[in-house]
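Letter by letter, the chains look like this.
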Amino acid sequence: MPYFAGPVADERDALLTFLAVPRTALRAAVFGLTDEQARSRPAVSALCLGGLVKHAARTERRWVVAGIAGQPLPGLWPIEDWPADFQLTGEESLDGVLGYYAETAELTARIVAAVGDLGQPSAVNPEQSVRWVLFHLIQETSRHAGHADIIREALDGRRGGQLLDAYEAG
C-alpha cells in the first residue's frame, strides 16, 4: 500500500483506506530517525518531523473524537496551545508520538465504523458531514505528508519513495 490505496469494499472503506496512505507516508518520513533528528528544523520553517506527526495525530483525534463522536477532549479541544501541536518537546519521543498516532488511527476506525450514515452532520458543525470530516482529514494529512517529505530530504537527502520502501520492509 505505500504508493497507492488498495482495493476497497465501499465508501467507508475507501475513505479510511485513502486516509491510511498519507498516514503511512508520514510514518515513513520519520523512519529511522532519532528523537534529536525528529526535533530538528533543517529549513527556515519552524516545522520539524516529529511535530508534524504529533500535529497530524492530534488533529485527527480532534476531528474524529470531538467532531464525529461528539466526545469531550480536554486539553485538545478546544485548542489551547496551537504552536505546541507542531513541537516534539523534550518529554516526548518520536516512538511515543508514533504510538499515539497508531492509537488514533485505531480509534478513528472504531468511531467511523459506528457511524450509521456518513452523510449525517458532524457533532461540531451541522454543515459538515462525517464524510466531509473524513475528506478533510485526507486532505490535511496529505498536505503534511508532503511537508514531511521536503523536511526529511533537507535533513539527510532521503526521499519519500525510498523511505516508503524501507518503512514497508521494516
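Parameters and conventions
Each chain has its residues counted from 1, running along the sequence as written. At least 70 in pLDDT is required for a residue's local features to be given in this predicted model, at least 80 for side-chain atom pairs to be given and counted, and no such filter applies to totals for whole chains, interfaces and linings, which use all residues. With hydrogens and water stripped out, all remaining heavy atoms of the structure feed into the side-chain values. Only DSSP runs of H or I reaching four residues or more are called helices, and only runs of E reaching two or more are called strands; each is numbered from the N terminus. Radius of gyration here uses only the C-alpha atoms, and the compact-globule reference equals 2.2 Å multiplied by the residue count raised to the power 0.38. Using a 1.4 Å probe on the protein chains alone, a residue whose accessible area is under 20% of its type maximum counts as buried, one over 50% counts as exposed, and one in between counts as partly exposed. Method for areas: the Shrake-Rupley scheme with a 1.4 Å probe, in which residue coverage is limited to the protein chains shown. As used throughout, the charge tally considers Lys and Arg to be positive and Asp and Glu to be negative, leaving His and the chain termini uncounted. Taken as the charge location is NZ of Lys, CZ of Arg, CG of Asp or CD of Glu. The axes used here are C-alpha line fits, helices contributing only the stretch in contact, and every angle between their N-to-C directions lies in the interval 0 to 180 degrees. Each angle receives one of four descriptions, namely roughly parallel if under 35 degrees, roughly antiparallel if over 145, roughly perpendicular if within 65 to 115, and oblique otherwise. Definitions for this section: a left-handed crossing has its near helix turned counterclockwise from the far helix by less than a right angle. A right-handed crossing has that turn clockwise. Any two residues whose heavy atoms approach within 4.5 Å are treated as being in contact. Charged residues are taken to be Asp, Glu, Lys and Arg, nonpolar residues to be Ala, Val, Leu, Ile, Met, Phe, Trp, Tyr, Cys and Pro, and polar residues to be all remaining types, Gly included. By definition, a salt bridge exists where a carboxyl oxygen of Asp or Glu is found within 4 Å of a side-chain nitrogen of Lys or Arg.

A. Summary view of the overall build of the chain. The helix and strand inventory of the chain stands at 6 helices and 0 strands. Relative to its length of 170 residues, the chain is compact, with a C-alpha radius of gyration of 16 Å against a globular reference of 15 Å. Principal axes of the C-alpha set define a box for the chain whose edges measure 45 × 40 × 25 Å. Scored against the burial criterion, the 170 residues of the chain give a buried share of 44%. Working note: accessible area of the chain is about 8500 Å², and carbon and sulfur atoms make up 55% of it. The chain carries 15 positive and 22 negative side-chain charges, and their two centres are separated by 1 Å.

B. Seen up close, the packing of helix 3 (residues 49-68) against helix 4 (residues 94-114). Across the interface, helix 3 lies against helix 4 with an axial gap of 9 Å and an inter-helix angle of 25°. Looking at the two axes, helix 3 sits roughly parallel to helix 4. Note that helix 3 runs across helix 4; the crossing there is left-handed. Mapping the contact onto sequence places G50, V53, K54, A56, A57, R58, E60, R61, V64, V65 and I68 in helix 3 and L94, V97, L98, Y100, Y101, E103, T104, A105, L107, T108, I111 and V112 in helix 4. In terms of residue class, the contact of helix 3 with helix 4 is built from 15 nonpolar, 3 polar and 5 charged.

C. Representation of the pattern of salt bridges. Scanning the model with the defined rule gives 7 salt bridges in all. A salt bridge links K54 to E92, with the nearest nitrogen and oxygen atoms 3.0 Å apart. Of this pair, K54 sits in helix 3 while E92 is found in the loop between helix 3 and helix 4, placing the two residues 38 residues apart along the sequence. Take E92: its relative accessible area is 22%, and that puts it in the partly exposed class. A salt bridge links E153 to R159; its shortest N-O distance comes to 3.1 Å.

D. Summary view of unusual backbone geometry. Between W77 and P78 the backbone carries a cis peptide bond, its omega angle lying at 0°. Mapped onto the elements, P78 comes out in the loop between helix 3 and helix 4.

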